[in-house]
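Structural features, examined
Residue-level listing of the chains:
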Amino acid sequence: MVKKYLIFPVLALLLLACKTETIQVLPSAEQVAYQQMEMVGFIHFTVNTFTDKEWGYGDEDPAIFNPTQLDAEQWVKAAKAGGLKQLILTAKHHDGFCLWPSTYTEHSVKNSPFRDGQGDLVQEFVDACRKHGLKVGLYLSPWDRNHKDYGNPEYITYYRNQLRELLTNYGEINEIWFDGANGGDGYYGGANEIRRIDRETYYDWPTTIALVKELQPGIKIFSDAGPDIRWVGNEHGHAGETFWSVIDNEKLVIGASDSKYLNRGDPDGNSWIIGQCDVSIRPGWFYHASEDSLVKTPEQLMEIYYKSVGRNGVLLLNLPPDRRGLIHETDVANLEGFKANIDAVFAEDLAEGASLLRQKSKDNLVEIIVELGGPKRFDHIVLGETIEKGQRISCFRVEAETGEGEWTKIAEATTIGYKRILQVEPVTTSRLRVVIEASKNPPLISEVGLYLSGN
Ligand code: FUL
């Protein structure tokens, strides 16, 4: 029998244990592998490319879809030159035109001059990606301004039939992209009217998500409510300054989530949903000749890189092919310049071979001392958490030893996650310390890197 006076210390210990090790939401192995890609790409291409629009109305004649020099391998080579590890093709955008010869509609490449109506652009795309070692993703717009049944239950059957085609006939698909634009005016089989849907109920997403996972068990589903990858609430490619991969999925609705919440995440959430930062290399998602002078420069892309990959997000960069069916020369050149910039900044890790010592600071915080073995000058600090064990850190600072026993704060921030890149004023030091000021559970740092950009 436990003596009464022993019960209290035992209870107190149990309570303490609960307090120090709270439940930690973890990513799946598939999500970790996805995050490690860091940068992926989008290909927005459809009838809009030929009508100069961003959103087709749904009444476009398939005959206008006529890329004369289309070369999916050129897209893939451009993406690879920019460091992207996967491409996602708009198999169907809001206009409803299908880039593959779907058996469920006439509104597709089969009624276009492309490859004399015998073409299958999804197949060409998939083949090109696989040939050059890129993962494949597909975008199938839930909103369809062409289909006569949009807004009625019959359309949901049509949509799922199309998913079945895409997810069974083209081998392994790494990601499926469900955008959040939903309902409004359109052609709708000639009705030319406005159709509104209830975003919460119309699509019956749980059934569709189960179907997708049944057809492709390893696939990652993107939407602004996940379940695997989520929108970050803007189309500038910027994750929040504080950015949690964890979020509460009960607060999310596909097509109707709070963008501020998505942009920050929630350390008390119940789900790990990777943040994906989408942005186009041009102002529009589709190619417009009028935007040839507005392609983002390598420097602008670098800024986006810091605010996406550098804040624990995955960058999704759109490269829209032109009317030839090729990615424009300027876009290719700027992508190459972007990758060259990344390679130049992160060429040499000055913390390579440094010894790391984990200890308690005077005020009982965890700190990591980095002994550099001699003075090193740097202006970038890269930190990473062991995300397999969850995202834990919510506040930290970095200090450099600037004199005997004299420490100067050079950076401070909130979250780290898979990767945090901090740009700092150039500093020279032999010792550095990362002080973890707040963390959900004991902090686990997996990476400390130091780099000098030369800028
Ligand atoms: C949005 C769409 O409305 C845009 O046209 C674009 O495809 C973007 C990536 O997603 O929801």
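Check the entry above for the structure.
Conventions and cut-offs
- Residues numbered from 1 in each chain as written.
- Predicted model: local features only at pLDDT ≥ 70, side-chain atom pairs only at ≥ 80, totals over all residues.
- Heavy atoms only, no water.
- Core = buried A, V, L, I, M, F, W, Y, C linked by side-chain atoms within 4.5 Å.
- Buried < 20%, exposed > 50% of the residue type's maximum accessible area, 1.4 Å probe, protein only.
- Helix = DSSP H or I, 4+ residues; strand = E, 2+ residues; numbered from the N terminus.
- Contact = heavy atoms within 4.5 Å.
- Expected span 1.5 Å × (residues − 1).
- Pairing = 2+ DSSP bridges.
- Right-handed = clockwise from strand over helix to strand, strands pointing away.
- Lys, Arg positive; Asp, Glu negative; His and termini not counted.
- Salt bridge = Lys/Arg side-chain N within 4 Å of Asp/Glu carboxyl O.
- Polar contact = N/O pair within 3.5 Å; in protein donor to acceptor, adjacent residues only side chain to side chain.
- Axes fitted to C-alpha atoms, helices over the stretch in contact; angles between N-to-C directions.
- Near = heavy atom within 4 Å.
- Areas by Shrake-Rupley, 256 points an atom, 1.4 Å probe, with all protein chains shown as cover.

Let us look at the nonpolar core. Nonpolar side chains tend to gather and get buried jointly when the protein is soluble and globular. Formed by 107 residues in total, the largest nonpolar core has its most connected members in Phe65, Trp75, Val122, Phe125, Tyr305 and Phe346. Among the elements that take part in this core, helix α6 (residues 153-168) stands out by supplying 7 residues, more than any other. Excluding residues within four positions of it along the chain, phenylalanine 65 makes contact with Phe45, Thr46, Val47, Phe50, Phe97, Leu99, Val109, Ser112, Pro113, Phe114 and Leu121.

Another point: α6. Helix length check: α6 (16 residues) gives 23 Å between terminal C-alpha atoms against 22 Å at 1.5 Å per residue, within 8%. Among the structural elements, β2 (86-92), α5 (121-131), β3 (135-140), β4 (175-177) and α7 (205-215) are those in contact with the buried residues of α6.

Moving on: the pairing of β3. Most of β3 sits inside the fold, with 5 of its 6 residues counted as buried. For β2 and β3, the ladder comprises 6 bridges, and the chain directions are parallel. The partner of threonine 90 across the bridge, within β3, is tyrosine 139. For the crossover from β2 across α5 to β3, the handedness is right-handed.

As for its position among the elements, arginine 230 is in strand β8 (residues 229-231). For the buried arginine 230, which has no salt bridge, the nearest side chain bearing the opposite charge is aspartate 266, at an N-O separation of 9.5 Å. Among the polar contacts listed, one links the side chain of arginine 230 to the backbone oxygen of serine 245, at a separation of 3.4 Å. Looking at arginine 230, its side chain comes within polar contact range of the main-chain oxygen of leucine 262, at 3.1 Å.

Below, the discussion takes up the sheet that holds strand β1 (residues 39-43). Here we have 8 strands rolled up into a closed barrel, ordered β1-β2-β3-β4-β7-β8-β11-β12, and parallel in their pairing. When the angles between neighbouring strand axes are averaged without regard to direction, this sheet yields 25°. Note: β8 against strand β11 (residues 274-280), 3 bridges, orientation parallel. Its bridge partner lying in β11, arginine 230 is registered against glycine 275.

The full count for this structure, using the stated rule, is 26 salt bridges. Between arginine 433 and glutamate 399 there is a salt bridge whose closest N-O contact spans 2.5 Å. Of the two residues, arginine 433 is situated in strand β17 (residues 420-439) and glutamate 399 in strand β15 (residues 393-403); the sequence distance between them amounts to 34 residues. Owing to a relative accessible area of 17%, arginine 433 belongs among the buried residues under this scheme.

Now for unusual backbone geometry. Among all residues except glycine, the phi angle is most often negative; among peptide bonds, the trans geometry is most common. Cis geometry marks the peptide bond from glycine 226 to proline 227; its omega dihedral reads 15°. The phi torsion at aspartate 204 lies on the positive side, around 45°, for a residue other than glycine. Along the chain, aspartate 204 turns up in the loop between β6 (193-195) and α7.

Looking at the ligand, the residues that line it are Phe42, His44, Trp55, His93, His94, Tyr139, Trp177, Asp179, Ala181, Glu235, Asp278 and Trp285. With respect to the ligand, the side chain of histidine 93 contributes an N or O atom lying 2.9 Å from an oxygen atom. Residue aspartate 179 places a side-chain N or O atom 3.3 Å away from an oxygen atom belonging to the ligand. For the ligand, whose free accessible area comes to 290 Å², the fraction covered by protein is 92%.

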